[in-house]
Amino acid sequence: MQTDNLFFLNSILFGVGLAVDAFLVALACGMSGQTTGRIKLRAVLTATAFSIFQFAAPMLGWLIAHTAFEFYQNIELYFAWAAAAVIVFLGVRMLVKKHDESDQIHTATGIVAVLFECAATSVDALTVGFTIEEYGAGAAAVCCAIIASVTFVTYLCGFALGKKFNEKFSRVATVLGALVFFAIAVEIIVTTYI
């Protein structure tokens, strides 16, 4: 298994690069005015979900690179548009939500919304699996575990930062959070065509 310093550095850099979308989603969620007592638990559970997707997506990409590359090329476009649509929906929902609602952004749409957010932000991670196709299965799993760990920490940092920002700027923070979702949707579509 390739476990030299360069391997770990590359894995961490992959993690940082891939965690940007999760960070932005966390920032938007933190800025959405969530105030319930279970907020920290929900943030940890959501960070865990993002981490699982960020582990599974590059592993799937690695597997596809070894087996059926053409399959991915055929579904990538449809998946990207579906992911972008879900992210835009969440941004619109954030904008139209009454400011005095005490429910969390995920309450109305539940686990399904979190899973769609995770899937939407994992599109790039799937592609990373292609770049590590020369790794053995063990090295690929270690690389993906590092990516997942970086995502977990990054999500929690983004959420905390968004929450702190919301405490000071409230409605402005909600609009900025929605704009973040829209920017993620655009980024997903643009990177699909590049």
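In this report, we go over the structure that sits alongside the text. A quick note: this is a predicted structure, and the numbers were derived from the prediction, not measured.

Next up on the list: the overall build of the protein. A count of helices and strands for the protein gives 7 helices and 0 strands. If you list the helices and strands of the protein from N to C, you get α-α-α-α-α-α-α. Counting every position in the protein, which comprises 194 residues, the buried fraction comes to 45%. The contacts of the protein with a sequence gap of at least 6 include a subset with a gap of at least 24, amounting to 91%. Carbon and sulfur atoms make up 73% of the accessible area of the protein, which amounts to about 9600 Å² in all.

The terminal C-alpha atoms of helix H1 (residues 5-30), which comprises 26 residues, lie 35 Å apart, in line with the 38 Å expected from a rise of 1.5 Å per residue. Maximal helix bending in H1 amounts to about 40 degrees, located at Val20.

Trp62, Ile132, Tyr135, Ala140 and Cys143 are the most contacted members of the largest nonpolar core, which has 17 residues in total. When contributions to this core are tallied by element, the ones reaching two or more residues are H1, helix H2 (39-67), helix H5 (123-131) and helix H6 (137-169). It is H6 that provides the largest number of residues to this core, a total of 5 residues. In this view, Ile132 contacts Phe14, Trp62, Ala140, Cys143 and Cys144; residues no more than four positions away in its chain are not counted. Counting residues in each nonpolar core, the second largest holds 12 residues, with Val25, Cys29, Cys118 and Tyr155 among its members.

On to the packing of H1 against H5. Where H1 contacts H5, the axes come no closer than 10 Å and their chain directions differ by 160 degrees. Considering the angle they form, H1 stands roughly antiparallel to H5. For the element pair H1 and H5, the recorded crossing hand is right-handed. Contacts between H1 and H5 involve Phe14, Leu18 and Asp21 on the former and, on the latter, Asp124, Ala125, Val128 and Thr131. The residue makeup of the contact of H1 with H5, split by class, is 4 nonpolar, 1 polar and 2 charged.

A few words now on the packing of aromatic side chains. Scanning the model with the defined rule gives 4 aromatic pairs in all. With 5.3 Å between their ring centres and 55 degrees between their planes, Phe7 and Tyr135 make a pair best called tilted. Residue Phe7 is found in helix H1, and its partner Tyr135 is found in the loop between H5 and H6; the two are separated by 128 residues along the sequence. No difference in accessibility class separates Phe7 from Tyr135, as the two residues are buried. The rings of Phe7, Phe8 and Tyr135 are connected pair by pair, giving a single aromatic cluster.

About the thresholds
- Residues numbered from 1 in each chain as written.
- Predicted model: local features only at pLDDT ≥ 70, side-chain atom pairs only at ≥ 80, totals over all residues.
- Heavy atoms only, no water.
- Helix = DSSP H or I, 4+ residues; strand = E, 2+ residues; numbered from the N terminus.
- Buried < 20%, exposed > 50% of the residue type's maximum accessible area, 1.4 Å probe, protein only.
- Contact = heavy atoms within 4.5 Å.
- Areas by Shrake-Rupley, 256 points an atom, 1.4 Å probe, with all protein chains shown as cover.
- Expected span 1.5 Å × (residues − 1).
- Bend = angle between axes of the 7 residues up to and from the residue.
- Core = buried A, V, L, I, M, F, W, Y, C linked by side-chain atoms within 4.5 Å.
- Axes fitted to C-alpha atoms, helices over the stretch in contact; angles between N-to-C directions.
- Parallel < 35°, antiparallel > 145°, perpendicular 65-115°, else oblique.
- Left-handed = near helix turned anticlockwise from the far one by under 90°.
- Nonpolar A, V, L, I, M, F, W, Y, C, P; charged D, E, K, R; others polar.
- Phe/Tyr/Trp six-rings, centres within 6.5 Å; stacked < 30°, edge-to-face > 60°.

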